[in-house]
Amino acid sequence: MIEVKMKIVTFESLAAHESLTGSQLHTFCETNGLQSKLICNTNKSIFLDEISDLTEKCAYGDFIIINIEAHGLVDKSGIKLTDSSICWSELSESLVCLNQKIGMRLILLFSTCYGAYFYEVVSLSKGCPYYKFFGPDSTIHPDKILETNKAVISALKQDDNLSLIVEEKNKYFIHSDVKYIYFDAIDLFRKAYEKYIEESLSIESVKQRIANYEPLFKRYAEISRHNGHFMQTEMFFKKMYGDGLFEKRGMESKFIEMQERFLMINDRSFDIYEMIDFTFDSIIYKSNFEKHKSNWETFRDNLNGSDGVMRCSPKSVQD
């Protein structure tokens with residue numbers, strides 16, 4: 001990112017008697033030759049209008065840093081601006097379009113208490129509102145957040161290792177009861193998919209998923225008998241469903257679909273793949289997928305009876 005021209009926009013929504021950390025960070029950026037814009041006394045209308053204007057005027061490939069200097073709501077549900085609050089979900093909606101237009105190059109600095117809780121609105125079922133995201137998980141002193149933000153911006157300018165920078169700041173600058181959180185959307189997707197494999201494909205989870213669909217399997221079996229397909233019993237459909245959960249071709253197709261939706265990859269932004277340092281095969285290789293698949297196959301092979309009741313040997317129950 002050394003040769004990339006970063007645009008920094010700071011929204012400051014603080015009282016005059018408070019430490020105006022946004023203004024101080026703006027001065028720091030200008031002193032270091034960075035393109036910086038400061039918007040003071042930000043209310044909700046100003047914020048949303050400025051984000052909309054920025055989205056309209058930005059170009060694909062721009063690196064934009066948005067810094068929000070405001071108070072976080074005590075219930076961790078959003079931020080407080082001069083006139084009203086804005087919840088995480090509304091904030092996310094205003095940023096997704098901007099991030100998509102510039103090709104997943106939006107960096108967020110949440111200089112607000114509890115700012116890290118913005119992560120709660122991020123879901124693999126929709127586009128991510130940032131490329132990189134920073135924020136404290138509790139209350140934080142203004143001097144601490146200012147020092148950390150300066151270090152993060154310097155690291156972005158010099159293309160330094162952000163994880164190490166944040167780790168050092170957590171060690172030396174942040175109070176022991178607060179942690180400065182760093183999220184990378186690409187790494188977040190990888191971890192989320194690994195978690196999916198670990199949790200959704202465990203044998204207990206697979207059994208529960210099959211149990212949830214039991215009425216449907218019974219219905220399928222009834223239709224099959226009516227049509228003369230007597231071998232397609234309820235047990236047949238349960239086994240077929242379980243086998244389908246571990247079918248790699250289907251899993252890879254779903255993986256690509258989820259990845260392109262979350263990272264907002266399309267024909268225009270195909271270069272986002274250059275930022276990704278993992279593949280479906282590498283995740284499968286490093287995960288417990290094969291173990292989970294083996295556990296399912298053992299369980300499946302011990303299913304007996306045509307009454308739809310799942311029975312397994314003592315050995316498979318122990319496994």
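Everything quoted here is computed from the prediction, not taken from an experiment.

Draft legend 1. Inspection of the environment of isoleucine 272 at higher detail. Its place among the elements puts isoleucine 272 in the loop between α10 (248-262) and α11 (280-286). The buried category is assigned to isoleucine 272, whose relative accessible area is 0%. The spatial distance from the C-alpha of isoleucine 272 to the C-alpha of glutamine 35 is 24 Å, given a sequence separation of 237 residues. Beyond its immediate chain neighbours, meaning those up to four positions away, isoleucine 272 contacts Tyr60, Gly103, Met104, Leu263, Met264 and Ile265.

Draft legend 2. Structural context of the nonpolar core. Ile66, Leu91, Leu108, Phe118 and Leu263 are the most contacted members of the largest nonpolar core, which totals 87 residues. Ignoring any residue separated from it by four or fewer positions in sequence, one finds phenylalanine 118 in contact with Trp88, Leu91, Ser92, Leu95, Leu108, Phe110, Pro129, Tyr130 and Phe133.

Draft legend 3. View of the side chain of asparagine 99. With respect to the element layout, asparagine 99 can be found in helix α3 (residues 88-101). Polar side-chain contacts of asparagine 99 include one of 2.8 Å to the backbone oxygen of cysteine 128. Asparagine 99 has contacts with Met104, Arg105, Leu106, Cys128, Pro129, Tyr130, Tyr131 and Met264, leaving out every residue within four places of it along the chain.

Draft legend 4. Representation of unusual backbone geometry. Phi is positive for asparagine 41, close to 50 degrees, though the residue is something other than glycine. One can find asparagine 41 in the loop between β2 (35-39) and α2 (44-57). For asparagine 41, a relative accessible area of 53% translates into the label exposed. For methionine 264, which is not glycine, the phi dihedral falls at a positive 55 degrees. Within the secondary structure, methionine 264 sits in the loop between α10 and α11.

Draft legend 5. How the structure looks around the side chain of serine 111. Mapped onto the secondary structure, serine 111 falls in strand β7 (residues 106-111). Overall, the relative accessible area of 7% leaves serine 111 in the buried class. A distance of 2.6 Å separates the side chain of serine 111 from the side chain of asparagine 149, its partner in a polar contact. With residues near it in sequence (within four places) discarded, serine 111 still touches Asn67, Ile68, Glu69, Ala70, Ile145 and Asn149.

Draft legend 6. A look at the packing of helix α7 (residues 203-212) against helix α8 (residues 214-226). One can describe the packing of α7 onto α8 by two numbers: an axis separation of 4 Å at closest approach and a directional angle of 55 degrees. Classified by the interaxial angle, the pair formed by α7 and α8 is oblique. Contact with α7, carried on its side by Ile210, Ala211 and Asn212, involves Glu214, Pro215 and Phe217 of α8 and no other residues of that element. Of the residues belonging to the contact of α7 with α8, the class tally is four nonpolar, one polar and one charged.

Draft legend 7. Fine view of the pairing of β7. Burial within β7 is extensive, with six of its six residues counted as buried. Residues Leu106, Leu108 and Phe110 of β7 are buried on one face, and the alternating residues Ile107, Leu109 and Ser111, pointing to the opposite face, are buried as well. Where strand β3 (residues 63-69) lies against β7, six bridges are found, and the strand directions are parallel. Residue isoleucine 66 lies in a different strand from β7, and its bridge partner there is leucine 108. Pairing of β7 with strand β8 (residues 132-136), which is carried by three bridges, proceeds in the parallel orientation.

Draft legend 8. Representation of the packing of α2 against α3 in the model. With their axes 8 Å apart at the nearest point, α2 and α3 run at an angle of 15 degrees to one another. As far as their axial angle goes, α3 and α2 are roughly parallel. Between α2 and α3 the crossing geometry is left-handed. Only Glu90, Leu91, Ser94, Leu95, Cys97, Leu98 and Lys101 of α3 make contact with α2, whose side of the interface consists of Lys44, Phe47, Leu48, Ile51, Leu54, Thr55, Glu56 and Lys57. Residue composition of the contact of α2 with α3, grouped by class: eight nonpolar, two polar and five charged.

Rules used in this analysis
Residues numbered from 1 in each chain as written. Predicted model: local features only at pLDDT ≥ 70, side-chain atom pairs only at ≥ 80, totals over all residues. Heavy atoms only, no water. Helix = DSSP H or I, 4+ residues; strand = E, 2+ residues; numbered from the N terminus. Buried < 20%, exposed > 50% of the residue type's maximum accessible area, 1.4 Å probe, protein only. Contact = heavy atoms within 4.5 Å. Core = buried A, V, L, I, M, F, W, Y, C linked by side-chain atoms within 4.5 Å. Polar contact = N/O pair within 3.5 Å; in protein donor to acceptor, adjacent residues only side chain to side chain. Axes fitted to C-alpha atoms, helices over the stretch in contact; angles between N-to-C directions. Parallel < 35°, antiparallel > 145°, perpendicular 65-115°, else oblique. Nonpolar A, V, L, I, M, F, W, Y, C, P; charged D, E, K, R; others polar. Pairing = 2+ DSSP bridges. Left-handed = near helix turned anticlockwise from the far one by under 90°.

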